[in-house]
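Take a look at the letters that make up each chain.
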Amino acid sequence: MDEVDEAARVLERLRRIGTLERAPATAPLLLNELRELVREAEAWARLEGDVRARSAVEKLRKEQKE
């Protein structure tokens with residue numbers, strides 16, 4: 001059940017980010033959402049213990065730094 005909850009959080013965060021991008025949102029607000037996305041994706045990857053999940057988190061981290 002925990003993996004489902006974490007996955008749902010990540011998907012909801014992605015929807016929220018998409019809405020903010022279309023709004024458009026201020027840079028600080030969008031950056032905060034992206035940081036939370038990374039945090040939530042990390043939690044999901046830890047629960048999943050899956051190579052694909054960990055790779056997705058690493059990709060998000062790299063994109064956040066750009």
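Here's a quick rundown of the structure. Quick caveat: nothing in here was measured; it's all calculated off a predicted structure.

To continue, consider the nonpolar core. Soluble globular proteins tend to pack their nonpolar side chains together in the buried interior. In this structure, V10, I17, L20, L30, L37, A41, A45, A53 and V57 together form the largest nonpolar core, which totals 9 residues. Elements represented by at least two residues in this core include exactly α1 (2-22), α2 (27-48) and α3 (51-65).

The next subject is the pattern of salt bridges. Per the counting criterion, the structure on display carries 10 salt bridges. For the salt bridge of R16 with E12, the shortest nitrogen-to-oxygen distance reads 3.9 Å. A residue pair is termed a helical-turn pair when its members lie 3 or 4 positions apart in one helix, as R16 and E12 do in helix α1 at 4 residues. Residue classification places R16 among the partly exposed positions, given a relative accessible area of 32%. E40 is the salt-bridge partner of R39, the closest N and O atoms lying 3.8 Å from each other. Judged by relative accessible area, R39 falls into the partly exposed class, the value being 44%. Judged by its relative accessible area of 6%, E40 falls in the buried class. Residues joined by salt bridges that share partners form a network here, namely E12, R13, R15, R16, E33, E36, R39 and E40.

Cut-offs applied
- Residues numbered from 1 in each chain as written.
- Predicted model: local features only at pLDDT ≥ 70, side-chain atom pairs only at ≥ 80, totals over all residues.
- Heavy atoms only, no water.
- Core = buried A, V, L, I, M, F, W, Y, C linked by side-chain atoms within 4.5 Å.
- Buried < 20%, exposed > 50% of the residue type's maximum accessible area, 1.4 Å probe, protein only.
- Helix = DSSP H or I, 4+ residues; strand = E, 2+ residues; numbered from the N terminus.
- Salt bridge = Lys/Arg side-chain N within 4 Å of Asp/Glu carboxyl O.

Everything listed here is a matter of coordinates, which is why it stays silent on function.
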